[in-house]
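Survey of secondary and tertiary structure
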Amino acid sequence: MNRRSITIVGASLAGLRAAESLRRQDFDGPITLIGDEPHAPYDRPPLSKQFLAGEWETDRLALTKPEKLDEFDLDFRLGVRATGFDLATRRLGLSDDDDLEVDGLLIATGARCRTLPGTEGIDGVFVLRSLDDSLALRAAFDAGPSRVVVVGAGFIGAEVAATARARGLEVSLVEALPQPLGRVLGDEMGAVCADVHRDQGVDLRLGVGVDAVEAGPDGNVERVRLSDGSVIEAEVVVVGIGVIPNTEWLEGSGLELDNGVVCDATCLAAPGVTAAGDVARWPNARFDEIMRVEHWDNAVEQGGHAARRLLQSDEDAEPFTPVPWFWSDQYDRKIQLAGRIRPDDEIQIVTGSVEERRFAALYGRAGRLVGVLGFNRPRHVMQYKTLIQDGVSFADALAADL
Ligand SMILES: Cc1cc2nc3c(=O)[nH]c(=O)nc-3n(C[C@H](O)[C@H](O)[C@H](O)COP(=O)(O)OP(=O)(O)OC[C@H]3O[C@@H](n4cnc5c(N)ncnc54)[C@H](O)[C@@H]3O)c2cc1C
C-alpha cells in the first residue's frame, strides 16, 4: 500500500514506537507526530517509581535519545493538540490553527486520569499520569507531609503508596473493593498484596469508599471522610481510580468510539486509520475478547502493528493477538502478570510460596491456561507466557517442569 504521508496523534510510547517502526520498514515519506505535551516523548512507568522516589531525574525518562530522534526525521509538533478529525474529508483540526489533510492516520492519544468529584481546586490533591503530575507530587513529598492518603489501590495507587512509604512518609491506602488490586488479580492474590503493604506499615482501609475530601480555610486539603464514618487527616491526597481513553476530540469524526477507538482485529479503525496503545480497543482472537489494554508492552507492540497495518493491503493484514503482559514494582517485589484473568479463574501456585511472597501462580479457565502471576519470579512468568501463547491446557501447564 503506497502512502504519501503518515500522521500520528499522540507523541508518547505507542506513537513514537509506531513512527520508529515505520522508518524501520523503510517508509520514507513524511511522518508528522503531534503531541499536546510540551516535553519530548518520555517514559511513564518511572513516574510512580524511581522518579517519584527522587532517585532519577528527567534525563533518564527519555524514550529515545535525541540523536536517534533526529535520525528518524520526524516532523514533531509538540505542545499542539488535535481538536477534531473528519473521516470523509480527512481534515485533522489542530489547536495551533494549522489544520492538516492526512493520508495515513495513527491514533495514539492514550488515556487520562479519572478525578474524584468535589476535589477540583483543592490544593494537595493529585493524580498521576504525566511528567508534570509526577513533578508536582514529588515536590509535595519533598515537603514531608504528615500523611499521604492514596485513594484507589490499583497498580498506580499501590505503587505510589509503596514509593511514599520508602520515602518514610505515613501512608493510608483506601480501596472500595475487599482487596488491593482485586479487580486485576482476584481477591486471593490481592490479599497477598495487602499483606505486603501492611508489613511495610501502610494503613490499609479496604471495602470503604470516600465520602468527601475536605480542605481547610487556606484551600489546602485537610482530611478524607470515608463511607464507614472514619476520618483520616491528610496533607496530600493522591487519586488513583483509573483512566479514561482520550477520544473526545474524535467525536463526530465518523470513527466508532466506545471506551476507546474501536478497531478491527488488525487495529484498523477505518480505511487508512489505525489506533494503538491505551486508547485502542480491538478484538483479540487469542482470548476471544474485545480488549483495551493499559500496559507499556502493549503500547510498544500495538504501535508497531498499527504502523505496519497502514502500509498493508486488507489481504496482507494480520490480526493483532498478543498475550497482554505488565509489571509493577512495589517495595522489593516485582509483580508481573501475563494473560487475561478473571476473578473466578482456578488458581494454582506452581513454584515458591505465598508466605515468602516469592511465587508463580497459574490461572486456568475451561481447561486452558489463561494467566500467570509472578512475585519476584520473572523467568517463570516469561516461560508460562509462552505456554499461554501456545494455547497449552491448564493440566499440561501444571505438569510442565519449568
Ligand atoms: C505513573 C504510571 C506508571 C506506569 N507503570 C507501568 C508499569 O509499571 N508497567 C506497565 O506495563 N505499564 C505501566 N504504565 C502504563 C503505561 O505507561 C501506558 O500503558 C503507556 O504509557 C501507554 O502509552 P500510549 O502511548 O498508548 O498512551 P500515553 O502514554 O497516555 O500517551 C498518549 C499521549 O497523547 C497525548 N494526547 C492526548 N490527547 C491528545 C490530543 N488530542 N492531541 C495531541 N496529543 C494528545 C497525551 O498527552 C500523551 O502524551 C504506567 C503508567 C503510568 C501513568
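Higher on the page you've got the structure.
Cut-off values and rules
Residues numbered from 1 in each chain as written. Predicted model: local features only at pLDDT ≥ 70, side-chain atom pairs only at ≥ 80, totals over all residues. Heavy atoms only, no water. Helix = DSSP H or I, 4+ residues; strand = E, 2+ residues; numbered from the N terminus. Buried < 20%, exposed > 50% of the residue type's maximum accessible area, 1.4 Å probe, protein only. Contact = heavy atoms within 4.5 Å. Areas by Shrake-Rupley, 256 points an atom, 1.4 Å probe, with all protein chains shown as cover. Lys, Arg positive; Asp, Glu negative; His and termini not counted. Charge placed at Lys NZ, Arg CZ, Asp CG, Glu CD. Pairing = 2+ DSSP bridges. Phe/Tyr/Trp six-rings, centres within 6.5 Å; stacked < 30°, edge-to-face > 60°.

Turning our attention to the overall build of the chain. Summing up its helical and strand segments, the chain has 10 helices and 27 strands in all. When each of the 402 residues of the chain is scored for burial, the buried share is 55%. The contacts of the chain with a sequence gap of at least 6 include a subset with a gap of at least 24, amounting to 61%. A total of about 17,200 Å² of accessible surface is found on the chain, and carbon and sulfur atoms cover 45% of it. Averaging the locations of the 42 positively and 66 negatively charged side chains of the chain gives two centres separated by 3 Å.

The next thing to look at is the sheet that holds strand S22 (residues 289-291). Strand order in the open sheet formed by three strands is S18-S21-S22, and the pairing between neighbours is mixed. Across the chains shown, the open sheet's two edge strands, defined by having one partner strand only, are strand S18 (261-262) and S22.

What follows is about the pairing of strand S5 (residues 91-94). Across four bridges, strand S4 (residues 82-86) lies against S5 in antiparallel orientation. Bridge pairing in S5 links Ala82 to Leu94. If you look at the hairpin formed by S4 and S5, you'll find four residues sitting between the two strands, and Arg90 has a positive phi there, around 60°. The sheet contact formed by S5 and strand S6 (residues 100-101) spans two bridges and is antiparallel. Directly across from Leu92, in S6, lies its bridge partner Leu100. Counting the residues between successive antiparallel strands, the hairpin from S5 to S6 contains five residues, one of them, Asp97, with a positive phi of roughly 70°.

Using the criterion set out here, one finds five aromatic pairs in the structure. Measuring from ring centre to ring centre gives 4.5 Å for Phe155 and Phe326, while their planes differ by 75°; the resulting arrangement is edge-to-face. One end of the pair, Phe155, is in helix H5 (residues 155-166); the other, Phe326, is in strand S23 (residues 325-330), and 171 residues separate them in sequence. Summarising the aromatic geometry, the rings of Phe359 and Phe375 are spaced 4.8 Å apart at their centres and angled 15° between planes, so their arrangement reads as stacked. Of the two residues, Phe359 sits in strand S26 (residues 358-365) while Phe375 sits in strand S27 (residues 368-375), which places them 16 residues apart along the sequence.

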